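Listed below are the residues making up each chain.
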Amino acid sequence: MSIILGSLAHHRQMQVEITAYCEASEQCRHSGPLELERLIAVFGPDFVIPHSYRYFIGHLVCSKCRARQASITITPPRAELPKFPMRTVW
Ligand SMILES: [Zn+2]
């Protein structure tokens, strides 16, 4: 399963980073991380962002300019790649 298509609970478990960017104006360009605990409180643990992207984005309000024109990025945790020690090739 693509990590992007995971539920919010899965994102929390995987320590995925979700960052919001204000797209309202060149002057603002505010960005910041979204807290998964808060997202889960609002949308529920089973919410999958890409399945309801417009709905999700519609809830984001820029904390700097109060606009509701945001985009987001979903970034896998840096430590995503080798979860286990690399297998030794004999
Ligand atoms: Zn803004």
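Nothing here was measured: the structure is a model prediction, and the numbers come from that model.

Where do I start with the overall build of the protein chain in this structure?
Each helix and strand in the protein chain was counted, giving three helices and three strands. Taking all 90 residues of the protein chain together, the buried fraction comes to 8%. Restricting to contacts in the protein chain with at least 6 residues of sequence separation, those with at least 24 account for 69%.

I would appreciate a short explanation of unusual backbone geometry in the present structure.
One non-glycine residue, Gln15, lies in the positive phi region at around 60°. Tracing the sequence through the fold places Gln15 in the loop between helix H1 (8-14) and strand S1 (17-22). Positioned with a positive phi, Arg29 is a non-glycine residue whose angle comes to about 55°. Within the fold, Arg29 resides in the loop between S1 and strand S2 (31-33).

Mind showing me how you'd approach the pairing of S1 here?
On any regular strand, side chains alternate: one points to one face of the sheet, the next to the other face. Pairing analysis gives six bridges linking S1 to strand S3 (residues 70-75), with the strands arranged antiparallel. Bridge pairing in S3 links Thr19 to Thr73. In the sheet, S1 pairs with S2 via three bridges, with the strands oriented antiparallel. The residue of S2 that forms the bridge with Ala20 is Gly32.

Honestly, the sheet that holds S1 in this entry has me stumped. Any pointers?
Across a sheet, paired strands are connected by hydrogen bonds in the backbone, their directions being either parallel or antiparallel. Spatially, S2-S1-S3 is the arrangement adopted by the three strands of the open sheet, whose pairing is antiparallel. Two strands lie at the open edges of the sheet, namely S2 and S3, each paired on one side alone. For this sheet, the mean inter-axis angle between neighbouring strands, taken without regard to orientation, is 20°.

Sorry, what's going on with helix H2 (residues 36-43) here?
In an α-helix there are 3.6 residues to a turn, and that puts residues three or four apart on one side. Burial analysis of H2 places just zero of its eight residues in the buried class, which makes it a mostly uncovered element. Directly beyond the C-terminal end of H2, a positive phi value near 95° is found at Gly44.

Explain the environment of Ala70 here, please?
Counting through the fold element by element, Ala70 comes out in strand S3. Residue classification places Ala70 among the buried residues on the basis of 20 C-beta atoms within 10 Å. Each C-alpha atom of the pair Ala70 and Ile57 lies 6.3 Å from the other, and the pair is 13 residues apart in sequence. With near-sequence residues (within four places) excluded, Ala70 lies in contact with Ala20, Tyr21, Cys22, Glu23, Ile57, Leu60 and Cys62.

Just to check I follow, could you spell out the environment of Leu34 for this structure?
Its location among the elements puts Leu34 in the loop between S2 and H2. Judged by the 18 C-beta atoms lying within 10 Å of it, Leu34 falls in the partly exposed class. When the C-alpha positions of Leu34 and Ala20 are compared, they lie 6.7 Å apart, and in sequence the two are 14 residues distant. Leu34 has contacts with Ile18, Ala20 and Leu39, leaving out every residue within four places of it along the chain.

Rules and cut-offs
- Residues numbered from 1 in each chain as written.
- Predicted model: local features only at pLDDT ≥ 70, side-chain atom pairs only at ≥ 80, totals over all residues.
- Helix = DSSP H or I, 4+ residues; strand = E, 2+ residues; numbered from the N terminus.
- Buried ≥ 20, exposed ≤ 12 C-beta atoms within 10 Å, placed from the backbone.
- Contact = placed C-beta atoms within 7 Å.
- Pairing = 2+ DSSP bridges.
- Axes fitted to C-alpha atoms, helices over the stretch in contact; angles between N-to-C directions.

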